[in-house]
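Commentary on secondary and tertiary structure
Each chain, written out:
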Amino acid sequence: GDFLLYMKKKKNNVFGIEKSKIARERCLSKGLRVSSSLKGIKETRFQAITLWHVLEHLQDPSTRLSEYYQRLDKKGVLIIAVPNLKSHDAQYYKQHWAALDVPRHLWHFTPKGLIKLVEKKGFIIQKTFPLWLDVLYISFLSEKNLSKKLPFLRGILKGLYFHLLSLKTKKY
């Protein structure tokens, strides 16, 4: 609920979907409006729907994307952040890549696959960009997965290296 709280403080009218009862109760205690599903939210149209590391957790992302498309205003935007299966850190760490996060991550996306999926649902890609801190965090966790010494330092250094590579290749 931290993102919802931030957006609410910026005077936005916000709603959240949270499957976890414990997390939903925590959001409610902060004065946030949350539901366990999109059906529980009465508003029919939204200016923005954000999925910050959510899509990879959904049982049926294709159906959910169709529902989100129907609930957006004509000028509404869908913002998606997911781990990139083709990123430099994914290719380096392979099965130890922390963003695989099996079994919590039900799906893994490549940029091409994600774009194909959302365009099939009627969305138009306006912009793609990296979340630079993600590569640092995932590299740190991946180093921990490998039981390396000094995983934080190693993760930061490797994450910075992958970041520099992606400036040229766009594989972030």
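Note that this is a predicted model, so its numbers are computed, not measured.

Describing the overall build of the chain
- Of regular secondary structure, the chain possesses seven helices and four strands.
- Ordering the α and β elements of the chain from the N terminus gives α-β-α-β-β-α-β-α-α-α-α.
- The principal-axis extents of the C-alpha atoms in the chain amount to approximately 50 × 35 × 30 Å.
- Across the chain, the fraction of contacts at a sequence separation of at least 24, relative to all contacts at a separation of at least 6, is 65%.

A word on the pairing of strand 3 (residues 46-52)
- The pairing of strand 3 with strand 4 (residues 72-81) spans six bridges and is classified as parallel. Counted as the bridge partner of I49 is L78 from strand 4.
- Traced from strand 3 through helix 3 (residues 61-71) to strand 4, the parallel crossover comes out right-handed.

A short note on the packing of aromatic side chains
- This model, assessed by the stated rule, comprises nine aromatic pairs.
- Taking the centre distance of 6.0 Å and the plane angle of 75 degrees together, the rings of F15 and F46 count as edge-to-face. Of this pair, F15 sits in the loop between helix 1 (2-9) and strand 1 (16-17) while F46 is found in strand 3, placing the two residues 31 residues apart along the sequence. We note that F15, like F46, is buried.

Observations regarding helix 6 (residues 132-145)
- Given a rise of 1.5 Å per residue, 14 residues ought to cover 20 Å, and the 21 Å separating the end C-alpha atoms of helix 6 matches this to within 8%.
- Those residues of helix 6 that fall on the buried side of the exposure criterion are V135, L136, I138, S139, F140, S142 and E143.
- Contacts made by the buried residues of helix 6 are with helix 4 (88-93) and helix 7 (151-169).
- Taken from the residues just after helix 6, S147 is the one with a positive phi, measuring 55 degrees.

A closer look at the nonpolar core
- Formed by 18 residues in total, the largest nonpolar core has its most connected members in F46, I49, L55, L65, Y68 and L78.
- For this core, the elements supplying multiple residues, two or more each, are strand 3, helix 3, strand 4 and helix 5 (111-120).
- If we skip the residues at most four places from it in the chain, L65 touches L55, L78, I80, L117, V118, K121 and F123.
- Formed by ten residues, the second largest nonpolar core is a distinct cluster that contains Y93, V135, L136 and F162.

Thoughts on the side chain of E143
- Positionally, E143 belongs in helix 6.
- Aside from chain neighbours lying at most four places away, what touches E143 is Y93, K148, P151, R154, G155 and K158.

A short note on the pattern of salt bridges
- Using the criterion set out here, one finds five salt bridges in the structure.
- A salt bridge links R104 to D101; the shortest N-O distance between them is 2.7 Å.
- In this structure D101 comes out as partly exposed when scored by relative accessible area, which is 23%.
- A salt bridge links E143 to R154; its shortest N-O distance comes to 2.8 Å. Of this pair, E143 sits in helix 6 while R154 sits in helix 7, placing them eleven residues apart in sequence.
- Residue classification places R154 among the partly exposed positions, given a relative accessible area of 30%.
- Ionic contacts of the salt-bridge type, sharing partners, join the residues E143, R154 and K158 into one network.

What counts, and where the lines are drawn
Residues numbered from 1 in each chain as written. Predicted model: local features only at pLDDT ≥ 70, side-chain atom pairs only at ≥ 80, totals over all residues. Heavy atoms only, no water. Helix = DSSP H or I, 4+ residues; strand = E, 2+ residues; numbered from the N terminus. Contact = heavy atoms within 4.5 Å. Pairing = 2+ DSSP bridges. Right-handed = clockwise from strand over helix to strand, strands pointing away. Phe/Tyr/Trp six-rings, centres within 6.5 Å; stacked < 30°, edge-to-face > 60°. Buried < 20%, exposed > 50% of the residue type's maximum accessible area, 1.4 Å probe, protein only. Expected span 1.5 Å × (residues − 1). Core = buried A, V, L, I, M, F, W, Y, C linked by side-chain atoms within 4.5 Å. Salt bridge = Lys/Arg side-chain N within 4 Å of Asp/Glu carboxyl O.

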